[in-house]
Amino acid sequence: MKILVTGGAGYIGSVTVEQLVHTGAEVVVFDNLSLGHRAAVHPDATLVVGDLADRAAIDDVLATTKPDAVMHFAARSQVGESMREPFRYIGDNVTCGLNLIESMVEHGIGRFILSSTAALFGEPQTIPIDENERIVPGSPYGESKHMLERILAWTDKVHGMRYAALRYFNAAGASEQRGEHHDPETHLIPLVLQVAQGKREAITVFGDDYPTRDGTCIRDYIHIIDLAQAHILALGALDEGSRVYNLGNGEGFSVMEVIETARTVTGHPIPHTMGERRPGDPAALTADSRKIRAELQWTPRFPKLHDIVDSAWRWHQAFPSGYPE
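Small disclaimer: the values here were computed from a predicted structure and weren't measured.

Draft legend 1. The nonpolar core, seen in detail. Within the largest apolar cluster, 38 residues are counted, with the highest numbers of intra-cluster contacts made by V27 and L247. Elements represented by at least two residues in this core include exactly β1 (2-6), α1 (11-22), β2 (26-31), β4 (69-72), β6 (162-168), α7 (224-236), β10 (243-247) and α9 (290-296). For V27, the contacting residues outside a window of four places in its chain are I3, V5, V17, L20, V21, A45 and T46. Grouped together as the second largest cluster of nonpolar side chains are 26 residues, A172, V192, M256 and V258 included.

What follows is the structure, encoded as structure tokens:
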């Protein structure tokens, strides 16, 4: 099977490409390298540098490579930034996604995997969050993904394109060769590990008075390899129809639990300071993944926080400056 992966030079995309290559798939990566890294692309995959804003470039890569399916990771994905630049986020994510979907229809490519988000659920009524939770995006980023899910639903109804939308919270950890390298970095685990690396003096904890077991926010962290495997399983199930899944570890971890685990893994004291709550931060967010576990027999191989942090730490030690540019 030949698969086109948009955003395949980014964090989640590159690890999914790696796992696809391990299955024997032929993989083509389409990435503009604005946020991704050329060195993150698996050597057995073909990299095509191009932009989803350029419809002609999409038409060309689909006509030339003739993939059987597309996995779509390319997107702007920072919730906070989307609140400051809502038109940019909604405009770029929706327009680029629509360019891709429309081109796929014209080229007769009928299978699509969307890297969606749990940011669809800005104010969940029930936690853990399952697929029946009402969708009320809490940010323009979440809204852009919701729009793409609706576009896909209509594309299936009108054109018969089968799709899976995978909604997940915090991807974390690393494979041996591929890990998390953002500039600037905004995610908790790599930020904590930067303290252990000596790149920052301390980590700031935003609020310790939440109604949680230790007063700090609880979030759902899922190992990047487990996440990649879910995408592969979902692709294999599309012959039976389109589907939507919420993806999570099955257990939430608090900010202080992440810091304490990193202290254990790294042997570094990792100083922390207390800051004020950030506006809009819910006390706890976790996903209910029973549907994908039951339907696709997806089972996380690395559910323990220690294993997630340890894999990230080993990657950061092997690549202390991240990917070479």
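Back to the write-up after that little detour.
Draft legend 2. Quick peek at the side chain of D288. For D288, the position within the fold is in the loop between β13 (284-285) and α9. Residue class for D288 comes out buried when judged on its relative accessible area of 9%. Engagement of the side chain of D288 in a polar contact is seen with the side chain of R290, the distance being 2.7 Å. If near-sequence neighbours (up to four positions away) are discounted, D288 is found in contact with P128, I129, D130, E131 and N246.

Draft legend 3. Region of interest: α1. The terminal C-alpha atoms of α1 lie 17 Å apart, and with 12 residues this matches the ideal 16 Å at 1.5 Å per residue to within 8%. Of all 12 residues that make up α1, 11 are buried, and the element is covered over most of its length. The set of residues buried in α1 consists of Y11, I12, G13, S14, V15, T16, V17, E18, Q19, L20 and V21. Contact partners of the buried residues in α1: β1, β2, β4, β6, β7 (170-172) and α7. Count one or two residues on from α1 and you reach G24, which has phi positive near 95°.

Draft legend 4. Structural view of helix α8 (residues 255-266). In this model α8 runs 16 Å from its N-terminal to its C-terminal C-alpha over 12 residues, within 8% of the 16 Å that 1.5 Å per residue would give. Where burial is concerned, most of α8 is hidden: 9 out of the 12 residues are buried. Turning to α8, its buried residues number three or more, namely V255, M256, V258, I259, T261, A262, R263, V265 and T266. Structurally, α8 contributes buried residues whose contacts are with α6 (188-196), β8 (203-206), β9 (218-223), β11 (252-254), β12 (272-275) and α10 (305-318).

Quick notes on the rules
Residues numbered from 1 in each chain as written. Predicted model: local features only at pLDDT ≥ 70, side-chain atom pairs only at ≥ 80, totals over all residues. Heavy atoms only, no water. Core = buried A, V, L, I, M, F, W, Y, C linked by side-chain atoms within 4.5 Å. Buried < 20%, exposed > 50% of the residue type's maximum accessible area, 1.4 Å probe, protein only. Helix = DSSP H or I, 4+ residues; strand = E, 2+ residues; numbered from the N terminus. Contact = heavy atoms within 4.5 Å. Polar contact = N/O pair within 3.5 Å; in protein donor to acceptor, adjacent residues only side chain to side chain. Expected span 1.5 Å × (residues − 1).

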